[in-house]
Amino acid sequence: MPSSVKNLDHTPGQLGLYPPVESHHHGYLPVGDGHALYYELSGNPKGLPVVFLHGGPGGGTSPVQRRFFDPQRYHIILFDQRGCGRSRPFAGLEHNTTAHLIADIEKLRTHLAIERWHVFGGSWGSTLALLYAQAFPDRVLGLVLRGIFLMRQCELDWFYKFGTNAIFPDAWEDFIAFIPPDERSDIIAAYYKRLTGPDETVRLEAARSWSSWESRCVTLVPDPHQVKHAQNTEFAVAFARIECHYFYHRGFLESDDQILRNAGLIQHIPTVIVQGRYDAICPPRAAWDLKNALPDAQLKLVPVAGHSAFEKPVIHELVTATSSMADLSYESWA
């Protein structure tokens, strides 16, 4: 592995994040319908291009996400999806669908004059990465995917009906307490009504409750910093409104099995799948199904990890994957 990888606070042989790196350029890209995407560039401008697709939907990016990539080898592109982070308009739901996001990624690639790039995505970012790669397979050098989410009804039911609530019953009770008992048969619809309703106070309370539920389930060991971050008003509003909007509309996909059905379009793309064994939000079944649809993909089931990208053994596998992808493609790309 490159010597610039830091192993501080990790067990011997376990890779950590790369050192912090500053962005050297940022800007806004108008993509139509009144939306403008915030994007930033860091690392080596002449390196392997990689685009980072954040989770949620609605999560936004942060500087720590640059650190999955060797800044000497990668040209690192982060951007906030429609309505998220610093993109405009804030928390906007109009003209905000999966098809719009796929088109936005391609517009960003064209704007940056990048011929082909690596795509890195976790959770909802894995969904979007797979859909983008299926739409533009000739533009993707490789895929690194974490915490697989295929936007199937069974996966939504796991997190919002049965499954996760059996593991985190205390967090679930708090989550559903916000909704009257006669509406709890469809938690997503009940929250969507409140997150898009006219009462600003109700919208904010619903956003904090929605965000808190996910933050309390995201790591194998409870992380109070995650829960506190989820209560941040600005983050919670965008995250909850946009995520619930997408889940209410079932990801705007053509069918429940769209991603797996179209897996043949990306069989040729080198792919690494990193999945926490005890991921309570996106359980390993989805990663297993994706691996079966992509037989040549590498599946790394991390034995002691949940959903978060920032659990130490998950970091190790993700940094290993980005390093291996660089080794695999650098000469042919250059």
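Structure: see above.
A brief structural summary.

**Here's the deal with the sheet that holds strand 3 (residues 48-53)**
Next up, step 1: Taken together, 8 strands build an open sheet; the order of strands is 1-2-4-3-5-6-7-8 and the sheet is mixed. This sheet does not close on itself; its edge strands, each paired only once, are strand 1 (23-32) and strand 8 (298-302). On average, each strand axis in the sheet is inclined to that of its neighbour by 20 degrees, with strand direction left out of account.
Next up, step 2: Pairing between strand 5 (residues 117-122) and strand 6 (residues 140-146): 6 bridges, direction parallel. In the sheet register, His118 faces strand 6, and the bridge partner there is Gly142.
Next up, step 3: Where helix 2 (residues 124-135) meets the sheet, its contacts fall on strand 3, strand 5 and strand 6, and the angle it forms with strand 6 comes to roughly 155 degrees.

**Focus on helix 1 (residues 98-111)**
Next up, step 1: Compared with the 20 Å implied by 1.5 Å per residue over 14 residues, the 20 Å span of helix 1 between its first and last C-alpha is a close match.
Next up, step 2: When we look at burial in helix 1, the residues that qualify are Thr98, Leu101, Ile102, Asp104, Ile105, Glu106, Leu108 and Arg109.
Next up, step 3: Trailing helix 1 by a residue or two, Ala113 shows a phi angle of about 55 degrees, which is positive.

**Some details on the packing of helix 7 (residues 200-215) against helix 9 (residues 233-248)**
Next up, step 1: Between helix 7 and helix 9, the shortest axis-to-axis distance is 8 Å and the interhelical angle comes to 80 degrees. As judged from the angle between their axes, helix 7 and helix 9 are roughly perpendicular. Here helix 7 contributes Arg203, Leu204, Ala207, Arg208, Trp210, Ser211 and Glu214 to the contact with helix 9, which in turn contributes Thr233, Ala236, Val237, Phe239, Ala240, Arg241, Glu243, Cys244 and Phe247.
Next up, step 2: Of the residues assigned to the contact of helix 7 with helix 9, the class counts are 9 nonpolar, 2 polar and 5 charged.

**Focus: the side chain of Asp104**
Next up, step 1: Checked against the element boundaries, Asp104 lands in helix 1.
Next up, step 2: Relative accessible area serves as the criterion here: at 1%, Asp104 is assigned to the buried category.
Next up, step 3: Only 2.7 Å separates the side chain of Asp104 from the side chain of Arg82, close enough to count as a polar contact.
Next up, step 4: Setting aside its immediate chain neighbours within four residues, Asp104 contacts Val31, Leu37 and Arg82.

**Re the packing of aromatic side chains**
Next up, step 1: Enumeration over the complete set of coordinates arrives at 25 aromatic pairs.
Next up, step 2: Here Phe52 and Phe120 contribute two aromatic rings whose centre-to-centre distance is 5.4 Å and whose plane-to-plane angle is 20 degrees, an arrangement assigned as stacked. In this pair, Phe52 is assigned in strand 3 and Phe120 in strand 5, connecting sequence segments 68 residues apart.
Next up, step 3: With relative accessibility at 4%, the residue Phe120 sits in the buried group.

**As for the pattern of salt bridges**
A side chain with one charge may pair with a side chain of the opposite charge, provided their charged atoms come close.
Next up, step 1: Tallying each qualifying case throughout the model produces 15 salt bridges.
Next up, step 2: One salt bridge in this structure joins Glu115 and Arg139, with 2.8 Å as the shortest N-O distance. Of this pair, Glu115 sits in the loop between helix 1 and strand 5 while Arg139 sits in the loop between helix 2 and strand 6, placing them 24 residues apart in sequence.
Next up, step 3: The exposure class of Glu115 is exposed, given its relative accessible area of 56%.
Next up, step 4: Look at Arg139 and you get partly exposed, because its relative accessible area is 25%.
Next up, step 5: Measuring nitrogen to oxygen at the nearest pair gives 3.1 Å for the salt bridge that ties Asp257 to Arg261.
Next up, step 6: Each member of the salt-bridge network shares a partner with another, and the members are Arg152, Glu155, Arg285 and Asp289.

Parameters at a glance
- Within every chain, residues take consecutive numbers counted from 1 along the sequence as written.
- Reporting of local features is limited, given that this is a predicted model, to residues whose pLDDT is at least 70; pairs of side-chain atoms are given and counted only at 80 or more, and all residues count toward the totals for whole chains, interfaces and linings.
- As a rule here, side-chain values cover all heavy atoms of the structure and leave hydrogens and water aside.
- Between any two strands, at least two bridges found by DSSP are needed for them to pair.
- Comment: elements are numbered from the N terminus, with helices defined as DSSP H or I runs of at least four residues and strands as E runs of at least two.
- Lines fitted to C-alpha atoms define the axes here, with helix axes fitted over just the stretch in contact, and angles between the N-to-C directions of these axes take values from 0 to 180 degrees.
- Should any heavy atoms of two residues lie within 4.5 Å, those residues are counted as being in contact.
- Given a helix with a known number of residues, its expected span is that number minus one, times 1.5 Å.
- Only protein chains enter the accessibility calculation, which uses a 1.4 Å probe. A residue is then buried if its area is under 20% of the maximum for its type, exposed if over 50%, and partly exposed in between.
- Should an angle lie under 35 degrees it is considered roughly parallel, over 145 roughly antiparallel, and from 65 to 115 roughly perpendicular; all remaining angles are considered oblique.
- Gly is put with the polar residues, along with every residue not named as nonpolar or charged; the nonpolar set is Ala, Val, Leu, Ile, Met, Phe, Trp, Tyr, Cys and Pro, and the charged set is Asp, Glu, Lys and Arg.
- Here a polar contact means two N or O atoms within 3.5 Å. Within protein one must be a hydrogen donor candidate and the other an acceptor candidate, and residues neighboring in sequence count only if both atoms are side-chain atoms.
- Pairing of aromatic rings covers Phe, Tyr and Trp, the last through its six-membered ring, and needs centres within 6.5 Å; plane angles under 30 degrees mean stacked, over 60 mean edge-to-face, and all others mean tilted.
- A pairing counts as a salt bridge when a side-chain nitrogen of Lys or Arg comes within 4 Å of a carboxyl oxygen of Asp or Glu.

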